[in-house]
Amino acid sequence: MCLMLKILVYLYLYTGVLCAHQIPWLPCRFTDEHVFVNEEGHTETQHIHRDAMLQFGQTGDAPVNPDAITFLLTGSKLDLRRYVEAVNADQLECEIRRYSTEGLFIRWPVQAPQDYNHWFSCTLRHSEGLFTVTAFLRHPSDQHPPGEQDYRSWPAIADRETLTTTVAMVIKTQSPAVKAGLGSQMKLHCQFGIDHRGPNVTVEWHWQQRGERKKLFGHTSRSGKTEGTGVGLKALAGGDASYTLPFTKMSSEGTYICSVAVNPLFVSLDINLHVEEPPRVSLNVGPTLSLQEGEEQKVVCEAQGYYPLDVEFVWSKQDPAASGQRVGAPLPENLENILLSSHKHNRDKTYTVLAFFYLQASLRDSGRQFTCSVSHQSLRMPIRKSFILNIEDPVSWMFYLTGGFTVVALLAFLFVMLRYLYSARQRSVRRKPY
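Residues numbered from 1 in each chain as written. Predicted model: local features only at pLDDT ≥ 70, side-chain atom pairs only at ≥ 80, totals over all residues. Heavy atoms only, no water.

## Focus on the sheet that holds strand β12 (residues 212–220)
Selection criterion: The rule for pairing is simple: two strands pair if DSSP sees at least two bridges between them. What counts as a helix is a DSSP run of H or I of at least four residues, what counts as a strand is a run of E of at least two, and both are numbered from the N terminus. A fitted line through C-alpha atoms represents every axis, and for helices the fit uses only the stretch in contact; the resulting angles, taken between N-to-C directions, go from 0 to 180 degrees.
Reading across the sheet, the 6 strands line up as β8-β16-β15-β11-β12-β13 and stay open at both edges, with mixed pairing between neighbours. Every interior strand has two partners, whereas the edge strands, β8 (177–180) and β13 (226–228), have only one. On average, each strand axis in the sheet is inclined to that of its neighbour by 25°, with strand direction left out of account. Sheet topology note: the β12/β13 ladder contains 3 bridges and is antiparallel. When the bridges of β13 are listed, Gly218 appears paired with Glu227.

## Details of the layout of surface pockets
Here is the rule we go by: The pocket and cavity definitions rest on a 1 Å grid over protein atoms only: a 1.4 Å probe that fits but cannot leave marks a cavity, an open set with protein on both sides within 12 Å along at least five of seven lines marks a pocket, and residues lining either have an atom within 4 Å of a point. Grid points are joined across faces, edges and corners, and a volume is the space filled by probe spheres set on the points. When residue character is reported, Ala, Val, Leu, Ile, Met, Phe, Trp, Tyr, Cys and Pro are called nonpolar, Asp, Glu, Lys and Arg charged, and the others, Gly included, polar.
One number sums up the size of the largest pocket: a volume of about 400 Å³. Lining the largest pocket are 21 residues, and of these Phe192, Leu236, Ala237, Gly238 and Gly239 sit closest to its centre. At the level of secondary structure, the elements contributing two or more residues to the lining of the largest pocket comprise β10 (191–194) and α2 (233–237). Counting residues per element, the lining of the largest pocket draws most heavily on β10, which supplies 4 residues. The residue inventory of the lining of the largest pocket, partitioned by class, reads 10 nonpolar, 8 polar and 3 charged.

## A few points about the environment of Gln58
Applicable threshold: Classification of residues uses two cut-offs on accessible area relative to the type maximum, computed with a 1.4 Å probe and protein chains only: under 20% is buried, over 50% is exposed, and between them is partly exposed. Whether two residues touch is decided by their heavy atoms; if any such pair falls within 4.5 Å, the residues are in contact.
Inspection of the secondary structure puts Gln58 in the loop between β2 (43–56) and β3 (69–73). Assessed through its relative accessible area of 53%, Gln58 is described here as exposed. Separated by 106 residues in the primary sequence, Gln58 and Thr164 place their C-alpha atoms 8.7 Å from one another. Look past the residues within four positions of Gln58 in its chain and what remains in contact with it is Leu72 and Thr74.

This is the structure we're talking about:
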């Protein structure tokens, strides 16, 4: 009985966890469009932001918010919630827009009583930038296809209207923004799904930066034609269009665009790749620096091979005993009059810079720890390099020097006296009669 009770509790908790991720609805911003011809004869588009709800359910369900436009998302082969699972509704930003097929009418090969469809794009973004999902919502219509571009004659949508839709196509990336170090291998995630089998899908990857654009990969399923590398064809057949960048260089930085096209739909996602290389920090002195009082030493902290440009240096000094205290220790004293060299541009397009100061040896600083802290956007914590200053009293040097000279003089005097005694003995031996 006790075992059965435990099993029932576990099943209840497990079911509760599953239901927690089944989001029933989401508040959305619907960006509507009003297209008109202005007084000068030019076509203008006015964007209108309207309150809307994305509601998951069945045809005929009552709207959760009757005062808003409801996009009722009914069941299809694609469940949009599967692409945003394990997140809470308040972590999602939802935006719905009208989608124009630019006058192209192609019957969508999913059984429906109406041949013509109105299309909407629905984009879900994680509030902390963990992923971006874009889906096409298909709303069947009894209307005939317009004889001109559809955006010129959008059908009006009432404030409290409910539009019954299904997900026709979806694309997702788990890496909207990527940070990579030099020489690293990066996989740029791109996943897509379509609500029917055997579609003629075209998948492409492009790279662009500062007006330059380059095609990296292209594949069309019906013809089997492939251009470029970086995407596995077996994975692509299952909807995984992720692109592998084998060796990150400085020139790899930019925007990578994954696009999927199934007529009459086309969608793309931008993935921004930023190169970040942490600095290598070193000092021109060892762990202990010994100086005489009054002596001057140039102390250099070097940050080498970092990218992007900006680094921050902080030189400080502190008593070594205080640096080991956790409570009540005085704060390190930041040094002033720190000088910076000009930035050196290395061959690999990274940077090197020096932060240095001239240390005037003083007995009051003897035993203190001097620390260079370097901060950079590629680092979670600053890099710290330290040394202990040891000041030697000039008086003690004079004492040792005088003592040394005295010892040397005594040894020289002793050596002379011994040679004199040895010579006198030799002379006395020669004068002794045989």
